[in-house]
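As a plain string of letters, each chain reads:
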Amino acid sequence: MLRLGVNIDHVATVRNARGGLHPDPVRAARLAKKAGAQGITAHLREDRRHIRDEDVFRLKAEVALPLNLEMAATEEMLCIALEVRPNACCLVPERREELTTEGGLNLLADETYLKTYVGKLSDAGIRVSLFIDPDEEQISAAARIGADIVELHTGRYCEALGAAHTDEIGRIARGAKHAAALGLEVHAGHGLDYATVGPIAAIPEIIELNIGHFLMGEAIFEGLDVAIRRMRSLMQRGRSG
Ligand code: PXP
């Protein structure tokens, strides 16, 4: 079964534009569950530009779906994760000035640090995912580091046109195969929409997709419930071939 994790960060982006409590990302998470999502993803950024600490605690306490907490591998985030105890932590690279997560982690540059960091989360019973580009060396490093999961970055695939688009799908498919052969669970995400989700859903080793920005944009036009149901049905169609 291919799971959908709905990223609710941008409900908080809209809320924060005005301050106050509206719209509530926890309400969006509950709605996502009703619409068929299998998980909720939230990124607690260092600058708290969308999700805030209290949102993460509420998502864990008030929503009956596994919580995937995206975060940078910092000491501050480790303390928060150990307190919240999400189902999984997805470690992502973070730069203050970026608009979104622009590329995967470079595991080769920080292998020793990440191995210790991942160990602390694993010892607390939290599954650990590493957000990386679909690159064979990065995937092999993820296995050495002791991650449970790799989330393959689909951003380049979503932006590529023509032949490059096909090349990128091939890279993701080969990466997924390599990861699964090493015993890693394989997820994918970033930039996916109705048009790009099918070929990714068709890769059999991928068992979870994390999708946010496009769904929240569509929610403005057709509602979040409809957008999630449509995405789930396109995922299903992509998987069944
Ligand atoms: N996966 C990871 C690790 C991410 O950082 C993001 C963006 O926050 C997503 C998935 C979802 O990407 P998008 O919002 O473009 O669907």
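Presented here is a report on the structure given in the accompanying data block. Since this is a predicted model, take the numbers as computed values, not measurements.

## A few points about the site of the ligand
Neighbouring residues of the ligand: 12 residues in total, closest Glu70, Glu151, Gly191, Gly212 and His213. A distance of 2.5 Å separates a nitrogen atom of the ligand from a polar atom in the side chain of Glu151. In the complex, the protein chains occlude 94% of the 390 Å² of accessible area that the ligand would expose alone. Broken down by class, the residue content of the shell around the ligand amounts to 3 nonpolar, 7 polar and 2 charged.

## Section: the state of the cysteines
Using the criterion set out here, one finds 0 disulfides in the structure. Here Cys89 stays free of any disulfide, with the sulfur of Cys90 as its closest cysteine sulfur at 8.8 Å. Of the residues examined, Cys89 reaches a relative accessible area of 0% and is grouped as buried.

## Things to note about the pairing of strand 6 (residues 149-153)
Regular strands have side chains that alternate between both faces of the sheet. With 5 of 5 residues buried, strand 6 is to be regarded as a mostly interior element. Burial of the side chains of strand 6 extends over both faces: Ile149, Glu151 and His153 are buried on one face and Val150 and Leu152 on the other. Pairing between strand 5 (residues 127-132) and strand 6: 4 bridges, direction parallel. Counted as the bridge partner of Phe131 is Glu151 from strand 6. Read as a crossover between parallel neighbours, the route from strand 5 over helix 6 (residues 136-145) to strand 6 is right-handed.

## Some remarks on the pattern of salt bridges
Taken as a whole and assessed by the stated rule, the structure comprises 16 salt bridges. A salt bridge links Arg15 to Asp55; the nearest nitrogen and oxygen atoms lie 2.8 Å apart. Of this pair, Arg15 sits in helix 1 (residues 9-18) while Asp55 is found in helix 3 (residues 53-62), placing the two residues 40 residues apart along the sequence. A relative accessible area of 5% places Arg15 in the buried class. Among the salt bridges present, the one from Arg58 reaches Asp24, with a minimum N-O distance of 2.9 Å.

What counts and how
Residues numbered from 1 in each chain as written. Predicted model: local features only at pLDDT ≥ 70, side-chain atom pairs only at ≥ 80, totals over all residues. Heavy atoms only, no water. Near = heavy atom within 4 Å. Polar contact = N/O pair within 3.5 Å; in protein donor to acceptor, adjacent residues only side chain to side chain. Areas by Shrake-Rupley, 256 points an atom, 1.4 Å probe, with all protein chains shown as cover. Nonpolar A, V, L, I, M, F, W, Y, C, P; charged D, E, K, R; others polar. Disulfide = S-S within 2.5 Å. Buried < 20%, exposed > 50% of the residue type's maximum accessible area, 1.4 Å probe, protein only. Helix = DSSP H or I, 4+ residues; strand = E, 2+ residues; numbered from the N terminus. Pairing = 2+ DSSP bridges. Right-handed = clockwise from strand over helix to strand, strands pointing away. Salt bridge = Lys/Arg side-chain N within 4 Å of Asp/Glu carboxyl O.

By themselves, these observations are geometric and do not establish any function.
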